[in-house]
Every structure is written in structure tokens, then in C-alpha cells.
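Report on the structure
The lines below spell out each chain.
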Amino acid sequence: MLILFNKPYGVICQFSPHEKHETLKDYIAVPGVYAAGRLDTDSEGLLILTDDGRLQHRISHPKHKEFKTYWVQVEGDPSDEALEPLRHGVDLGDFITQPARVRRIAEPANLWSRNPPIRERKAIPTTWLEVIISEGKNRQVRRMTAKVGFPTLRLIRYAVGQHVLDGIAPGEWKRI
């Protein structure tokens, strides 16, 4: 069984209760499924859950090179050359990222509002990027954009491999 879930902002990727945040248990009442990978509490978007341990491992383990596509709203207006380091790999101190595919995009169509909204500064524009990586280490995309001078304000995982978020509202899920 495979479940595609649109994880809202503020939800923790665990089924056990949490004193401050909602968890997967608040949204998915299907016994025996586990998240194949994680999304930070302050990230949104596609989370895959399954009851198949081998499939969970294949989706979440970096050696299988399952590409993950993120829509990233950054502070500032990066030029193509400012994004170039992301395409070659960025030294984050504890590891060097694999090269990412990065391009500027228009704000995604049918994008839901976030609660709470991102912080916006009148004098500083924001830009949407599509970032595709095959890794997925802790807070990796946020750390990458910050390293090149454009902090992430909003992060939405749109796709994992061929599985996409299309047609799934925040807090909703569908079984594949």
C-alpha cells in the first residue's frame, strides 16, 4: 500500500502524540503505515507512507537516487549565476551536497496559503525556485539556499520520483 499525503506546515512526521504539534496520526487513520522519508515541521508537501518495508527503504535511502522536487520561496532575487553553486554541490560544513537541478519558476499555480504566512519585507523581494535533489539530509535545501545567500522562506516538496502532489489538498491523502 502506498499513501500520498500533503503534509501541512507545523505537522510532525511521526504517529506518536506530541505536546505542541499535530502529527500524522491526526490526519491518517490507517494502521501499519510508516513514512518513507521525512519533512521538517516547517516544511510542507508530499510525504509518502507505506506498509512495505522494502519500498520504504528504496524511497528514502539516498543510494537509490529517488529524485525529490521542491518548490522553494527564497528571500531575494537570485540571478542564474548566483544559483550556479547549487548546481555543482555546496559545502555545508558537515558534507558537500550532490549537484542539484535548480531553476527559477513562477509562483506555483493553485498554491494554498500557509498558516502562519511567511515573513515578508517590503524592501526585499521573494523568488520561487524549483530544486531537484537525490539526497535529502536534514534541512538540506534550506541550508543550501542559505549558504548561497538566499534564505528559504517557504519549502514545499512537490514530487518524490514519479509521485506528485497534484490534486491533494493540504491535510488530505490518497491511496495509490
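Structure's up top.
Now for a look at the structure at hand. (Residues numbered from 1 in each chain as written. Predicted model: local features only at pLDDT ≥ 70, side-chain atom pairs only at ≥ 80, totals over all residues. Heavy atoms only, no water.)

**Let's talk about the nonpolar core**
Counting residues in hydrophobic clusters, the biggest one holds 29 residues, and the most contacted among them are L49, V72 and V131. Taken together, the elements giving at least two residues each to this core come down to strand 1 (2-7), strand 3 (44-50), strand 4 (68-75), helix 2 (80-88), strand 6 (126-133) and helix 3 (140-147). V72 has contacts with T127, W128, L129, V131, V141, T145, T152, R154 and L155, leaving out every residue within four places of it along the chain. (Core = buried A, V, L, I, M, F, W, Y, C linked by side-chain atoms within 4.5 Å. Buried < 20%, exposed > 50% of the residue type's maximum accessible area, 1.4 Å probe, protein only. Helix = DSSP H or I, 4+ residues; strand = E, 2+ residues; numbered from the N terminus. Contact = heavy atoms within 4.5 Å.)

**Brief notes about the pairing of strand 6**
Here strand 6 lies mainly inside the structure; 7 of its 8 residues are buried. As paired elements, strand 4 and strand 6 share 8 bridges and run antiparallel to each other. Paired with Q73 across the strands is W128, a residue of strand 6. In terms of strand pairing, strand 5 (residues 101-105) meets strand 6 through 5 bridges, oriented antiparallel. Among the inter-strand pairings, R103 is bridged to a residue of strand 6, identified as E130. (Pairing = 2+ DSSP bridges.)

**Things to note about the pattern of salt bridges**
Throughout the structure, instances matching the rule amount to 12 salt bridges. Taking the shortest distance from any N to any O, the salt bridge between D42 and R142 comes out at 3.8 Å. Highlighted residues: D42 in the loop between strand 2 (34-35) and strand 3 and R142 in helix 3, separated in sequence by 100 residues. The partly exposed category is assigned to D42, whose relative accessible area is 23%. With relative accessibility at 11%, the residue R142 sits in the buried group. Between D80 and R87 there is a salt bridge whose closest N-O contact spans 2.9 Å. Among the ionic contacts, a cluster of salt bridges with common partners joins D40, D42, R139 and R142. (Salt bridge = Lys/Arg side-chain N within 4 Å of Asp/Glu carboxyl O.)

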